[in-house]
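Here is what each chain is made of, one letter per residue.
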Amino acid sequence: MKFLVFLGTVRDSTPPSPARLGLRVSKACIECLLSHYTEHEVELIDPLDYPLGPVFKPHFAYSQRTVPPELNELADKIESADGYIMVSPEYNHSMSPALADMLNHFGSSLFSYKPSAIVTYSAGQWGGMRAAVGMRTFLSELGCLPVSAMIHVPKAQEVFAEDGSVQAGQNQASWFEYFSRAFNQLIWWAQATREHKAVVDPHKIVMPLKIDPSQRNAP
């Protein structure tokens, strides 16, 4: 199966230091996935690789002839993936604006009926757990229901190095065992939903909202 790791930070300035702390957390997640689940494909989605423009306009608001290539490319990756890992810091008890902005560019029909895993981090002691509470609602509305186990990394700069490896004094096996609790759930649900979608197409049971609000099935 294929999983996308969405990085929820674009800030490359300090303070606080180090900048783009989430990148090392994302790399650690990818290393865990590639080392423990070798049969699956994992790809990092870095928002800096997908410039979205200063004015918000979602992928589905463009005509097929005018949609930016970067948006089309990312839409194809989202649609073809079997599950998602969402990596976010905490901003005012909420998820990353950069992550929300990127995900909001795509309709729920691309994400729906697939699972997601929530990974939060911080430079301080709480590990972004308050952001994770709101992310459950956000991801559920997208249709990629988050698994129950979550990952929180407090003082991430003391846990992971820039390349995603553990810092001196940290136990990689213990951290990856902790990560695997969420990833095991993610993979189980991804396989289950993939196999069932091959038998029953969920989009034929509940039509996706793509064009008109009447597709919400409201009277």
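Residues numbered from 1 in each chain as written. Predicted model: local features only at pLDDT ≥ 70, side-chain atom pairs only at ≥ 80, totals over all residues. Heavy atoms only, no water.

## Quick word on unusual backbone geometry
Leave glycine aside and you will find that most residues have negative phi; peptide bonds, for their part, are mostly trans.
At step 1: At Asn92, a residue that is not glycine, the phi angle is positive and equals roughly 50°.
At step 2: When you line up the elements, Asn92 lands in the loop between strand S3 (83–88) and helix H3 (97–104).
At step 3: For Asn92, a relative accessible area of 76% translates into the label exposed.
At step 4: The phi dihedral of Tyr113 falls on the positive side, at around 65°, and the residue is not glycine.
At step 5: When you line up the elements, Tyr113 lands in the loop between helix H4 (108–111) and strand S4 (116–121). (Helix = DSSP H or I, 4+ residues; strand = E, 2+ residues; numbered from the N terminus. Buried < 20%, exposed > 50% of the residue type's maximum accessible area, 1.4 Å probe, protein only.)

## A few points about the pairing of strand S2 (residues 41–45)
At step 1: The pairing of strand S1 (residues 2–7) with S2 spans five bridges and is parallel. Bridged to Val5 within S2 is Leu44.
At step 2: Each parallel crossover has a hand, and the one from S1 via helix H1 (residues 21–36) to S2 is right-handed. (Pairing = 2+ DSSP bridges. Right-handed = clockwise from strand over helix to strand, strands pointing away.)

## Re the nonpolar core
Soluble globular proteins tend to bury their nonpolar side chains together.
At step 1: In this structure, Val25, Ile85, Val153, Phe160, Phe179 and Phe183 are the most contacted members of the largest nonpolar core, which totals 32 residues.
At step 2: Secondary-structure elements contributing two or more residues to this core are S1, H1, S3, S4, strand S5 (151–153), helix H6 (156–159) and helix H7 (172–199).
At step 3: Of the residues forming this core, the biggest block, eight residues, is contributed by H7.
At step 4: Residues contacting Phe179, with those up to four places away along its chain left out, are Ala28, Cys29, Cys32, Ile151, Val153 and Phe160. (Core = buried A, V, L, I, M, F, W, Y, C linked by side-chain atoms within 4.5 Å. Contact = heavy atoms within 4.5 Å.)

## Section: the pattern of salt bridges
At step 1: Counted under the stated rule, the structure contains six salt bridges.
At step 2: Across the pair Glu43 and Lys77 runs a salt bridge, and its minimum N-O distance is 2.6 Å. Linking Glu43 in strand S2 with Lys77 in helix H2 (residues 69–80), this pair joins segments that are 34 residues apart in sequence. Neither Glu43 nor Lys77 differs from the other in exposure class; each is buried.
At step 3: Of the charged contacts, one joins Glu73 and Lys77 as a salt bridge, the two residues approaching to 3.3 Å between their closest N and O atoms. In this pair, Glu73 and Lys77 are both assigned in helix H2, four residues apart and thus about one turn of the helix distant.
At step 4: One network of salt bridges, with partners in common, ties together Lys2, Glu43, Glu73 and Lys77. (Salt bridge = Lys/Arg side-chain N within 4 Å of Asp/Glu carboxyl O.)

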